[in-house]
Amino acid sequence: MTPALINLAAEQKSAEVTDWAARLGWVAGLLLFIAFVYWLMRQGWKWRGSLQSDLPELPAAPAEPGTAKLTMTGRYHGSTTAGQWLDRIVAHGLGTRSRVELTLTDAGLVVVRPGASDFFVPKDALREARLDKGIAGKVLAEGGLLIVTWAHGDRLIDSGFRSDHAAEQSEWVETLTNMINTTEGTAR
């Protein structure tokens, strides 16, 4: 036999055993890094909320809001400063995405959010309704979101909703726009 074949036959045939201590150390380090990043994100959310602490408490729906003009079920995607679709408002739970049940009455817009804070937008606070494609980091097809602009304190707020039945969103825009125009006409 040639020396090359003897050396080849003498070589170890199996892989080295894994160094479990080093592997566990890397996994633990990665998990600590992920936990640290999550903690930083949470601190950022709290910081944003404290910056928006000047926002007044959200109004509650009146005991008798009146007869429902329109109702809708769907998703609440968040609220932003009007015209700035990425400036999310997190104070008073407005940043929490959730299911939503909207009811439009003569008194205003009742927003019921299971698992999150409900709120009410009085008729006089409504400013605009439109279909748009994005709000607070949520982007959909053109016209996929119902955006309602309303005044709260000294701020204008855009709130984004998506209906379970997208075809009904244009009816909401039309009805809200008529309601806003009627309110503005009587205020003059």
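Placed above this text is the structure.
A few points on the structure. Keep in mind that this is a model prediction, so the values were computed, not measured.

### Some points on the overall build of the protein
Thinking step 1. The helix and strand inventory of the protein stands at 3 helices and 9 strands.
Thinking step 2. Each helix (α) and strand (β) of the protein, taken in turn from the N terminus, gives the series α-α-β-β-β-β-β-β-β-β-β-α.
Thinking step 3. Burial analysis of the protein (188 residues in total) assigns 31% to the buried set.
Thinking step 4. Across the protein, the fraction of contacts at a sequence separation of at least 24, relative to all contacts at a separation of at least 6, is 62%.

### Some details on a nonpolar patch on the surface
Thinking step 1. Where nonpolar side chains cluster on the molecular surface, the patch consists of Val27, Leu30, Leu31, Phe33, Ile34, Phe36, Val37, Tyr38, Trp39, Leu40 and Met41 and spans about 1100 Å² of accessible area.
Thinking step 2. You can see Val37 is positioned in helix α2 (residues 20-51).

### A word on the sheet that holds strand β8 (residues 145-152)
Thinking step 1. If you trace the 7 strands from one edge of the open sheet to the other, you get β4-β3-β2-β1-β9-β8-β5, paired in antiparallel fashion. Across the chains shown, the open sheet's two edge strands, defined by having one partner strand only, are β4 (119-122) and β5 (126-132). On average, adjacent strands in this sheet sit at an angle of 30° to one another, irrespective of strand direction.
Thinking step 2. Pairing of strand β1 (residues 68-81) with strand β2 (residues 98-105) involves 8 bridges; the strand directions are antiparallel. Bridge assignment links Gly74 to a residue of β2, and that residue is Val100.

### Considering the packing of aromatic side chains
Thinking step 1. Taken as a whole, this structure holds 4 aromatic pairs when the rule is applied.
Thinking step 2. Between Tyr76 and Phe119, the aromatic rings sit 6.2 Å apart at their centres with planes inclined by 70°, giving edge-to-face as the arrangement. Placement of Tyr76 in strand β1 and of Phe119 in strand β4 is noted, with a sequence separation of 43 residues between them. Phe119 matches Tyr76 in its accessibility class, with the two residues each being buried.
Thinking step 3. Pairing Tyr76 with Phe161 gives two aromatic rings, centres 5.6 Å apart and planes at 50°, and the pair type is tilted. Linking Tyr76 in strand β1 with Phe161 in strand β9 (residues 155-163), this pair joins segments that are 85 residues apart in sequence.

### Regarding the side chain of Gln169
Thinking step 1. Structurally, Gln169 can be placed in helix α3 (residues 169-187).
Thinking step 2. Residue class for Gln169 comes out buried when judged on its relative accessible area of 1%.
Thinking step 3. In contact with Gln169, not counting residues within four places along its chain, are Leu131, Gly143, Gly144, Leu145, Leu146, Phe161, Arg162 and Ser163.

### Focus: the nonpolar core
Thinking step 1. Formed by 28 residues in total, the largest nonpolar core has its most connected members in Leu102, Phe161 and Trp172.
Thinking step 2. Looking at this core, the elements that each hand over two or more residues are β1, β2, β3 (108-112), β4, β5, β8, β9 and α3.
Thinking step 3. No other element matches α3, which puts 5 residues into this core.
Thinking step 4. Every residue in contact with Phe161, bar those within four places of it in the chain, is listed here: Met72, Arg75, Tyr76, Val100, Leu102, Val111, Leu145, Leu146, Val148 and Gln169.

### Some remarks on unusual backbone geometry
Trans is the prevailing form of peptide bonds, just as negative phi is the prevailing case for residues other than glycine.
Thinking step 1. At His92, a residue that is not glycine, the phi angle is positive and equals roughly 60°.
Thinking step 2. Mapped onto the fold, His92 is located in the loop between β1 and β2.

### Notes on the pairing of β4
Thinking step 1. Pairing analysis gives 4 bridges linking β3 to β4, with the strands arranged antiparallel. The partner of Val111 across the bridge, within β4, is Phe119.
Thinking step 2. Joining the antiparallel neighbours β3 and β4 is a turn of 6 residues, in which Gly115 adopts a positive phi near 85°.

How each quantity is defined
Residues numbered from 1 in each chain as written. Predicted model: local features only at pLDDT ≥ 70, side-chain atom pairs only at ≥ 80, totals over all residues. Heavy atoms only, no water. Helix = DSSP H or I, 4+ residues; strand = E, 2+ residues; numbered from the N terminus. Buried < 20%, exposed > 50% of the residue type's maximum accessible area, 1.4 Å probe, protein only. Contact = heavy atoms within 4.5 Å. Patch = residues over 30% accessible without salt bridge, like charges linked within 9 Å, V, L, I, M, F, W, Y side chains within 5 Å. Areas by Shrake-Rupley, 256 points an atom, 1.4 Å probe, with all protein chains shown as cover. Salt bridge = Lys/Arg side-chain N within 4 Å of Asp/Glu carboxyl O. Pairing = 2+ DSSP bridges. Axes fitted to C-alpha atoms, helices over the stretch in contact; angles between N-to-C directions. Phe/Tyr/Trp six-rings, centres within 6.5 Å; stacked < 30°, edge-to-face > 60°. Core = buried A, V, L, I, M, F, W, Y, C linked by side-chain atoms within 4.5 Å.

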